[in-house]
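Close look at the chain arrangement
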Amino acid sequence: MFSYILRRVLLMIPIYIGLTITTFTLIRLVPGDPVLVMMGERSVDPAVREAMLHRLGLDKPIVVQYWDYLTKILSGDFGETFRTRTPVLQDFFHHFIPTLELAVCAIIIATVVGVILGIVAALKRGTWLDYLLMSGALAGYSMPIYLLGPILTGIFSHYFGLLPVSGVINVIKFIDIQPWHGSWLLGALFSGNGAALWDVIKHFMLPSIALSTIPLAMIARMTRSAMLEVLGEDYVRTAKAKGLSPTRIIFVHVLRNTMITVVTVVGLQMATLMAGAILTETIFSWPGVGTWLLDGFFSRDYPIVQNGILLVATMLMFISLLVDITYGLINPRIRHT
């Protein structure tokens with residue numbers, strides 16, 4: 001297991017170099033002058049522009065700019081944003097916490113509901129309930145977030161008035177509540193204000209449901225397929241022949257082996273959620289990494305885009321590594337040497 005983890009870590013090195021080259025190049029291919037964008041596209045004195053380019057290091061040859069960028073990354077320096085001059089690493093974690101909370105809420109909903117639906121569909125294989133659940137899963141997988149988000153907003157916010165449409169908390173009503181290390185959920189929890197905590201939870205509901213739809217459908221379908229495969233194994237028939245109860249067979253023998261597939265899907269979907277939350281964050285005005293990166297892209301803030309993507313990729317690779325390690329913890333037969 002240790003050697004496998006070491007190989008995976010070493011494999012990240014060329015991936016990191018490739019990411020630095022890609023992000024460094026692509027952001028500079030986008031038309032627009034970062035100095036003019038920072039100053040509101042108004043007329044800028046050429047001397048002022050040259051001084052700003054020199055301060056930002058953008059007057060150097062492109063190869064020198066990349067080398068400076070790479071050496072700073074290797075030394076742990078992710079630079080400062082062009083607009084606010086705050087450290088990129090500090091900005092990233094400030095926005096990463098809301099994104100992580102949203103992704104965790106979405107994956108919990110998707111896993112719990114998806115596993116239950118998959119088990120029910122497998123046990124009722126070939127019945128109307130199986131077809132209904134799998135048709136619903138297919139519809140959920142096919143529904144894009146940019147369409148589902150406005151539909152949920154229209155139904156639960158505008159029509160019924162049950163849930164808020166944007167943001168994380170009603171900052172006007174709960175002006176005394178402050179986020180704890182970027183987390184409004186923990187900030188409301190530690191404040192002891194039950195009304196504020198409930199308000200934050202209500203703000204989580206719509207974006208979490210919208211974000212969970214696609215992974216929920218995937219988990220349900222994969223759970224059903226894995227359950228059907230395991231149910232046909234010889235040891236399951238042996239357990240039935242021994243007179244074990246159906247509940248024990250399902251939850252002790254079948255589900256344990258099914259969870260290997262489920263963990264794989266959950267891990268991959270968690271990475272997908274964190275990487276693809278930008279649409280959900282935009283629709284629901286969620287102050288996460290996706291919104292932060294999008295703002296940095298439109299303002300040509302090179303450090304945000306370059307280092308933000310690199311930091312997100314780090315998180316995704318870390319999640320992927322955790323998923324692989326979990327294989328061996330769930331099933332002792334699976335070991336990496």
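Our structure's up above, just so we're on the same page.
Residues numbered from 1 in each chain as written. Predicted model: local features only at pLDDT ≥ 70, side-chain atom pairs only at ≥ 80, totals over all residues. Heavy atoms only, no water.

1. What about the layout of surface pockets?
Once rolled over the atoms, a probe with the size of a water molecule shows which space is left empty. Approximately 450 Å³ is the volume attributed to the largest pocket. What lines the largest pocket is a set of 22 residues, and nearest its centre among them are L56, G57, K72, F82 and P303. Mapped onto the lining of the largest pocket, the elements with two or more residues apiece are α1 (2-29), α3 (46-56), α4 (62-74) and α14 (302-330). Element by element, the count of residues in the lining of the largest pocket is highest for α4, at five residues. Class assignment for the residues of the lining of the largest pocket results in nine nonpolar, five polar and eight charged. Summarising the domain contributions, the lining of the largest pocket has at least three residues from each of domain 1 (32-77) and domain 2 (93-334). Taken as a whole, the second largest pocket holds about 220 Å³ of empty space. Considering the residues around the second largest pocket, the lining is formed by M12, I13, Y16, I17, T20, L70, I73, L74, F78, L310, L311 and T314. Mapped onto the lining of the second largest pocket, the elements with two or more residues apiece are α1, α4 and α14. (1 Å grid on protein atoms, 1.4 Å probe; cavity = no way out; pocket = protein on both sides within 12 Å on 5 of 7 lines; lining within 4 Å. Points joined across faces, edges and corners; volume = space filled by probe spheres on them. Helix = DSSP H or I, 4+ residues; strand = E, 2+ residues; numbered from the N terminus. Nonpolar A, V, L, I, M, F, W, Y, C, P; charged D, E, K, R; others polar. Domains from an automatic or database assignment.)

2. Details of the nonpolar core
Looking at soluble globular proteins, one finds that nonpolar side chains tend to be buried together. Core analysis: the biggest nonpolar cluster contains 55 residues, and F92, I177, L211, M227, V254, V289 and W292 have the highest contact counts within it. Of all the elements in the fold, those that place two or more residues in this core are α4, α5 (88-123), α8 (184-191), α9 (194-231), α10 (234-241), α11 (246-275), α13 (289-298) and α14. The element contributing the most residues to this core is α5, with 11 residues. Two domains each put at least three residues into this core: domain 1 (32-77) and domain 2 (93-334). (Core = buried A, V, L, I, M, F, W, Y, C linked by side-chain atoms within 4.5 Å. Buried < 20%, exposed > 50% of the residue type's maximum accessible area, 1.4 Å probe, protein only.)

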